[in-house]
Amino acid sequence: MKKFVILDGHALIYRGYYALPPLHTQKGELVNAVYGFTTILLTILEKMRPDFLAVAFDLKGPTFRDELYADYKAQRPETPDDLIPQVPRIRQVVEAFKIPVFEKEGFEADDLIATLATHVGHDEALANLELLIVTGDMDLTQLITDQVKIVAPLSGFNDMKTYDSQVLMDKYGIWPHQMVDYKALKGDVSDNLPGVPGIGEKTAAKLLFQYESLDGIYAHIDKITGAVHDKLVAGKESAYRCQKLAQLVKDVPLILDLEACKTHVVDAAQVKLLFEDLEFKRLIPKNNGLQNHRQT
């Protein structure tokens, strides 16, 4: 199968920023997030050799989830001041490698990725395409199918862990289609979703194993006894609100031009100049060695 790789832009930016110590150029420019993102990109090109490649970014401003729930992601700290100027630099890297960008006001990058995954899954012409989503965000595991997998960079960025349905079951005790309801029950600290207060990961997985879905759980609420019953009754409204917030949008208006996403030969001289400006001397030989992997 041909490989279509989508990068979860800001998830990888933050991963690089927090995983690496401060890295400064001789001019004093902080570039740790840029270096981390670029290393992941080169690793993907070297080891995965995608036939198609794209990146999805979040845009500034509220999304429909903020309108549904005022406290959505309210506990997250503001973007670090020294990370903000690194984002345009990362976009320069993306542009130098001629990677198409998907972004849309009012939606998160996750929603764009979900829409692309749905498009790939329902288009018969793309049935021979494997979609690999590179991210550190486990929210996207709800998209896993036989055709769609999640790839998470590990420490050092030179190795990747692939999540398919079985890996998800082994780790969380649920199947991909249950991830939204799993979060609706146990909540999600990173998104400030309370879920059902008092219901943790093990109880959520056990309930979904027995009753399959959130609807199934509440349809059989009289069969559930004790403290769990009481918590579910008290937290029903919260559970369904969190379910709606956790569910990715799969029909964002966008156009997938697969031909435009085709990997191709980049301007090695342009990339070299950018890497020299960023003082990524160790990455220049690695990039030069990748040119033979690109398609024309």
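Values in this document were obtained by computation on a predicted structure and should not be read as measured data.

## With respect to the overall build of the chain
Moving on, step 1. For the chain, the helix and strand inventory stands at 13 helices and 6 strands.
Moving on, step 2. Against the globule reference of 19 Å for 296 residues, the chain gives a C-alpha radius of gyration of 21 Å, in line with a compact fold.
Moving on, step 3. Across its three principal axes, the chain shows a C-alpha extent of roughly 70 × 45 × 35 Å.
Moving on, step 4. Within the span of the chain, comprising 296 residues, buried residues form 49% of the whole.
Moving on, step 5. For the chain, contacts bridging at least 24 residues in sequence account for 72% of all contacts bridging at least 6.
Moving on, step 6. Surface accessibility of the chain: about 14500 Å² in total, with carbon and sulfur atoms responsible for 52%.

## A look at the pattern of salt bridges
Between side chains of opposite charge, a pair can form when the charged atoms approach closely.
Moving on, step 1. This model, assessed by the stated rule, comprises 13 salt bridges.
Moving on, step 2. We note a salt bridge from Lys 183 to Asp 188, for which the minimum N-O separation is 2.7 Å.
Moving on, step 3. The class of Asp 188 is buried, set by a relative accessible area of 10%.

## A few points about helix 2 (residues 32-47)
Moving on, step 1. Given a rise of 1.5 Å per residue, 16 residues ought to cover 22 Å, and the 22 Å separating the end C-alpha atoms of helix 2 matches this to within 8%.
Moving on, step 2. Burial runs high along helix 2: 13 of the 16 residues are buried.
Moving on, step 3. Once helix 2 ends, the next one or two residues include Arg 49, with phi positive near 45 degrees.

Rules used in this analysis
Residues numbered from 1 in each chain as written. Predicted model: local features only at pLDDT ≥ 70, side-chain atom pairs only at ≥ 80, totals over all residues. Heavy atoms only, no water. Helix = DSSP H or I, 4+ residues; strand = E, 2+ residues; numbered from the N terminus. Rg over C-alpha atoms; globule rule 2.2 N^0.38 Å. Buried < 20%, exposed > 50% of the residue type's maximum accessible area, 1.4 Å probe, protein only. Contact = heavy atoms within 4.5 Å. Areas by Shrake-Rupley, 256 points an atom, 1.4 Å probe, with all protein chains shown as cover. Salt bridge = Lys/Arg side-chain N within 4 Å of Asp/Glu carboxyl O. Expected span 1.5 Å × (residues − 1).

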